[in-house]
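This is what each chain is made of:
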Amino acid sequence: MKNAYLNFAQMITGIMVAVLLFIHIAVQKLGVILSFLGFKISDPLAFNSMMERARQGLWAGIYICLLAFGLFHALNGLRNILLETGLSPAKMRTLTWLIIIFGLIFFALGTYVPLVLLTT
Amino acid sequence: MADNRPRENSLGIAGWVWAGNYTLERYLYLLHRVTGLGLILFGIFHLTATTIFRVQGEAVWNATMEFLNNPVFMVGEFLVVTAFAFHALNGLRLILQELGFTLGKPVPPIYPFKDAIRRKRLWTLVTLAAVMVLVVFFFIDFAAGGPG
């Protein structure tokens, strides 16, 4: 039953990641097409442009949501693949905890930096 | 207590690629898995660059961008975007299928009938076409140098 809930969460987070990541990639990588459509984006990788976005709560929110949904989707997907390798339940439990700890460390790191930049 | 362990995959990773009579959808499943693993690998590098190197100020950020601004990383980035386009749209197809949206009207199984996979084949081809369109958009930007 637990895996059924995880599978459902995998679908929901997948949709969220697809939407948020498309916004992220469009702003970073679709400059030529977006400017053709009337949206002017000035060099999104320049430090000033990056900091300007980092100081807006909306962008910080988008990045943190993307991180949370993305980490869950990625690590749960990785666990699904590992489940197929036929490891013993005890080893699988250890691996699951390692994956959770890895996810929490990256979530802490990826949340801390946008929050710091938001206030600088 | 029931044994919840999955059936042993005796072919190992080789069985991902070939176990005889695989359909188009089975290869898309393999590609979904490979692109997923690739995106995780990229995600780890990307998260490191956008946290540890971003928070240290303008000089470190500019040096990082300077280091990443070469043809190898640019092509790699385009491949990542392609992998994302495929993984996202194929994932959407899988979700629609799992929730039953692509089943169509029930038909009596009178010979010659189509099996479930072939009845959903049109959706698969539409997904692949949408991936192609998205990749072409990204390629236009990539070829034009893009903003980054």
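Here, the structure is the one placed above.
Our subject in this report is the structure included herewith.

Conventions we followed
Residues numbered from 1 in each chain as written. Chains lettered and ligands numbered in written order. Predicted model: local features only at pLDDT ≥ 70, side-chain atom pairs only at ≥ 80, totals over all residues. Heavy atoms only, no water. Contact = heavy atoms within 4.5 Å. Buried area = accessible area lost by both parts, 1.4 Å probe. Salt bridge = Lys/Arg side-chain N within 4 Å of Asp/Glu carboxyl O. Polar contact = N/O pair within 3.5 Å; in protein donor to acceptor, adjacent residues only side chain to side chain. Helix = DSSP H or I, 4+ residues; strand = E, 2+ residues; numbered from the N terminus. Nonpolar A, V, L, I, M, F, W, Y, C, P; charged D, E, K, R; others polar. Expected span 1.5 Å × (residues − 1). Buried < 20%, exposed > 50% of the residue type's maximum accessible area, 1.4 Å probe, protein only. Core = buried A, V, L, I, M, F, W, Y, C linked by side-chain atoms within 4.5 Å. Patch = residues over 30% accessible without salt bridge, like charges linked within 9 Å, V, L, I, M, F, W, Y side chains within 5 Å. Areas by Shrake-Rupley, 256 points an atom, 1.4 Å probe, with all protein chains shown as cover. Axes fitted to C-alpha atoms, helices over the stretch in contact; angles between N-to-C directions. Parallel < 35°, antiparallel > 145°, perpendicular 65-115°, else oblique. Left-handed = near helix turned anticlockwise from the far one by under 90°.

1. Side note on the interface of chain A and chain B
Thought 1: Contacts between the two partners involve 39 residues from chain A, matched on the other side by 38 residues from chain B.
Thought 2: When the two sides are added together, the surface that chain A and chain B hide from each other amounts to roughly 3400 Å², 75% of it contributed by carbon and sulfur.
Thought 3: Considering only the side of chain A, the residues that lose the most area to chain B are A:K29, A:F47 and A:E84, jointly responsible for 18% of the buried surface there.
Thought 4: At the surface where chain A touches chain B, the tally comes to one salt bridge.
Thought 5: The closest approach of N and O atoms between A:E84 and B:R33, which form a salt bridge, is 2.9 Å.
Thought 6: For the interface between chain A and chain B, the tally reads four residue pairs in polar contact (both at pLDDT 80 or more).
Thought 7: Listing elements by their share of the side of chain A that touches chain B, those giving two or more residues are α1 (2-29), α2 (31-36), α3 (47-54), α4 (57-83) and α5 (89-118) of chain A.
Thought 8: With 10 residues, α1(A) is the single largest residue contributor to the side of chain A that touches chain B.
Thought 9: Residues of the side of chain A that touches chain B, tallied by class, amount to 29 nonpolar, seven polar and three charged.

2. Details of helix α2 (residues 24-51) of chain B
Thought 1: Here α2(B) spans 39 Å end to end across 28 residues, near enough to the 40 Å set by a 1.5 Å rise per residue.
Thought 2: If you check which residues of α2(B) are buried, you get B:E25, B:L28, B:L30, B:H32, B:R33, B:T35, B:G36, B:I40, B:L47, B:A49 and B:T51.

3. Quick notes on the nonpolar core
Thought 1: Membership of the largest hydrophobic core comes to 15 residues, with the highest contact counts inside it found for A:I25, A:L30, B:V135 and B:F138.
Thought 2: Broken down by secondary-structure element, the contributors of at least two residues to this core are α1 and α2 of chain A together with α4 (71-98) and α6 (121-143) of chain B.
Thought 3: With five residues, α4(B) is the single largest residue contributor to this core.
Thought 4: Those residues within four positions of B:F138 in sequence are excluded, and the remaining contacts are A:F22, A:I25, A:L30, B:F78 and B:V81.
Thought 5: Listed in part, the eight residues of the second largest apolar core include A:F47, A:M50, B:W61 and B:M65.

4. Concerning a nonpolar patch on the surface
Thought 1: Together, A:V32, B:V133, B:V136, B:F137 and B:I140 line one region of the surface with nonpolar side chains, adding up to about 390 Å² of accessible area.
Thought 2: The element contributing the most residues to the nonpolar patch is α6(B), with four residues.
Thought 3: Looking at the secondary structure, you find B:V136 in helix α6.

5. Some words on the packing of α4(B) against α6(B)
All names here are of chain B.
Thought 1: Remark: α4 packs on α6, axes separated minimally by 9 Å, with the N-to-C direction vectors making an angle of 155 degrees. Regarding the angle of α4 to α6, the classification is roughly antiparallel. In terms of crossing hand, the pair formed by α4 and α6 is right-handed. Contacts between α4 and α6 involve M74, V75, F78, V81, T82, A85, F86, L89, N90, R93 and L96 on the former and, on the latter, W123, T124, T127, L128, A130, V131, L134, V135, F138, F139 and F142.
Thought 2: Per-class residue counts for the contact of α4 with α6 are 17 nonpolar, four polar and one charged.

6. Concerning the packing of α1(A) against α4(B)
Thought 1: Here α1(A) crosses α4(B) at 145 degrees, and the two axes come no closer than 10 Å. Pair α1(A) / α4(B) crosses with left-handed handedness. For the pair α1(A) and α4(B), the contacting residues are A:N7, A:M11, A:I15, A:A18, A:L21, A:F22, A:I25 and A:K29 in the first and B:E77, B:V81, B:F84, B:A88, B:I95 and B:E98 in the second.
Thought 2: Residues of the contact of α1(A) with α4(B), tallied by class, amount to 10 nonpolar, one polar and three charged.

7. A few points about unusual backbone geometry
Peptide bonds are, in most cases, trans, and in most cases residues other than glycine have a negative phi.
Thought 1: Along the chain, B:Y111 connects to B:P112 via a cis peptide bond; the corresponding omega equals -5 degrees.
Thought 2: Its location among the elements puts B:P112 in the loop between α4 and α5 (116-119).

8. Here we look at the pattern of salt bridges
Residue and element names in this part refer to chain B.
Thought 1: All told, the structure shown has three salt bridges over all chains when counted by the stated rule.
Thought 2: The closest approach of N and O atoms between R121 and E25, which form a salt bridge, is 2.9 Å. Here R121, found in helix α6, pairs with E25, found in helix α2; they are 96 residues apart in sequence, far enough to count as distant.
Thought 3: On the basis of relative accessibility, which here comes to 22%, the residue R121 falls in the partly exposed class.

9. A look at the side chain of A:T111
Residues and elements named next belong to chain A.
Thought 1: Assignment of secondary structure puts T111 in helix α5.
Thought 2: Its relative accessible area of 15% is what places T111 among the buried residues.
Thought 3: The residues contacting T111, other than those within four sequence positions of it, are I64 and L67.

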